Amino acid sequence: QVQLVESGGGLVQAGGSLRLSCAASGSIFRLDRMAWYRQAPGNQREVVATIGSGGSTNYADSVKGRFTISRDTSKNTAYLQMNNLKPEDTFVYYCNALVRNERNIGINYWGKGTLVTVSS
């Protein structure tokens, strides 16, 4: 089993910054893609940013230029640096990780989420 633990959420004023962390632990043979998603109550979860095992990144249009995803492979940890936050960035943010086993079979794991609230 693999556990993902997010941290770094909280309350911030518009224009401020937060840094989210996602630490993966457990039975990890190879950590492949990692990603951040966000979700508002009653809505579908949407992808915010992804980072491949080689470091390639992709971002949702709504966060390009403001958010940066990164990872520390030695710590099995992904980060999401969020700058110039806006009230519309208020969501629960979830970490997602694709973990591969010795047969290269991938399993998706989710964290429990961390709440980010941006006040105007």
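Each remark here, short or long, concerns the structure printed above.
Procedures and definitions
Residues numbered from 1 in each chain as written. Predicted model: local features only at pLDDT ≥ 70, side-chain atom pairs only at ≥ 80, totals over all residues. Heavy atoms only, no water. Pairing = 2+ DSSP bridges. Helix = DSSP H or I, 4+ residues; strand = E, 2+ residues; numbered from the N terminus. Axes fitted to C-alpha atoms, helices over the stretch in contact; angles between N-to-C directions. Salt bridge = Lys/Arg side-chain N within 4 Å of Asp/Glu carboxyl O. Buried < 20%, exposed > 50% of the residue type's maximum accessible area, 1.4 Å probe, protein only. Phe/Tyr/Trp six-rings, centres within 6.5 Å; stacked < 30°, edge-to-face > 60°. Lys NZ or Arg CZ within 6 Å of the ring centre and 35° of its normal. Disulfide = S-S within 2.5 Å.

## Section: the sheet that holds strand β8 (residues 77-82)
The pairing of strands in a sheet comes from backbone hydrogen bonds and takes either a parallel or an antiparallel form.
Part 1 of the argument: The strand order across the open sheet formed by four strands is β1-β3-β8-β7, and the pairing between neighbours is antiparallel. Two strands in the sheet have a free side with no partner beyond their single neighbour: β1 (2-7) and β7 (67-72). Taking each pair of neighbouring strands and ignoring which way they run, the sheet shows an average axis angle of 15°.
Part 2 of the argument: The pairing of β1 with strand β3 (residues 18-26) spans six bridges and is antiparallel. The residue bridging L4 from the neighbouring strand is A24, located in β3.

## Thoughts on the pattern of salt bridges
Part 1 of the argument: The full count for this structure, using the stated rule, is six salt bridges.
Part 2 of the argument: Between E46 and R38 there is a salt bridge, with the nearest N and O atoms lying 2.8 Å from each other.
Part 3 of the argument: Given the relative accessible area of 34%, E46 is considered partly exposed.
Part 4 of the argument: The class of R38 is buried, set by a relative accessible area of 4%.

## Looking at the packing of aromatic side chains
Part 1 of the argument: In the structure shown here, the tally under the stated rule is two aromatic pairs.
Part 2 of the argument: Centre to centre, the rings of F91 and Y93 are 6.3 Å apart; their planes meet at 85°, and the pair counts as edge-to-face.
Part 3 of the argument: Sitting above the plane of the Y79 ring, R19 keeps its charged end 4.0 Å from the centroid.
Part 4 of the argument: Here the guanidinium or amino end of R45 rests over the ring plane of W110, the centre of that ring lying 4.6 Å away.

## Topic: the state of the cysteines
Part 1 of the argument: Going through the model one piece at a time under the given rule, you end up with one disulfide.
Part 2 of the argument: Covalent S-S linkage joins C22 and C95, the inter-sulfur distance amounting to 2.0 Å. Because the sign of the S-S torsion sets the handedness, a value of about -80° for the bond joining C22 and C95 places this disulfide among the left-handed ones. You can see C22 sitting in strand β3 and its partner C95 sitting in strand β9 (residues 91-100), a full 73 residues away along the chain. The same class applies to C22 and to C95, which are both buried.

## Considerations on unusual backbone geometry
Part 1 of the argument: Not every positive phi belongs to a glycine, and N76 is a case in point at roughly 50°.
Part 2 of the argument: Examined against the element boundaries, N76 turns out to sit in the loop between β7 and β8.
Part 3 of the argument: Among the residues examined, N76 registers a relative accessible area of 25% and is labelled partly exposed.
Part 4 of the argument: Despite not being glycine, N84 shows a phi value in the positive range, around 50°.
Part 5 of the argument: Along the polypeptide, N84 turns up in the loop between β8 and β9.
Part 6 of the argument: Of the residues examined, N84 reaches a relative accessible area of 43% and is grouped as partly exposed.

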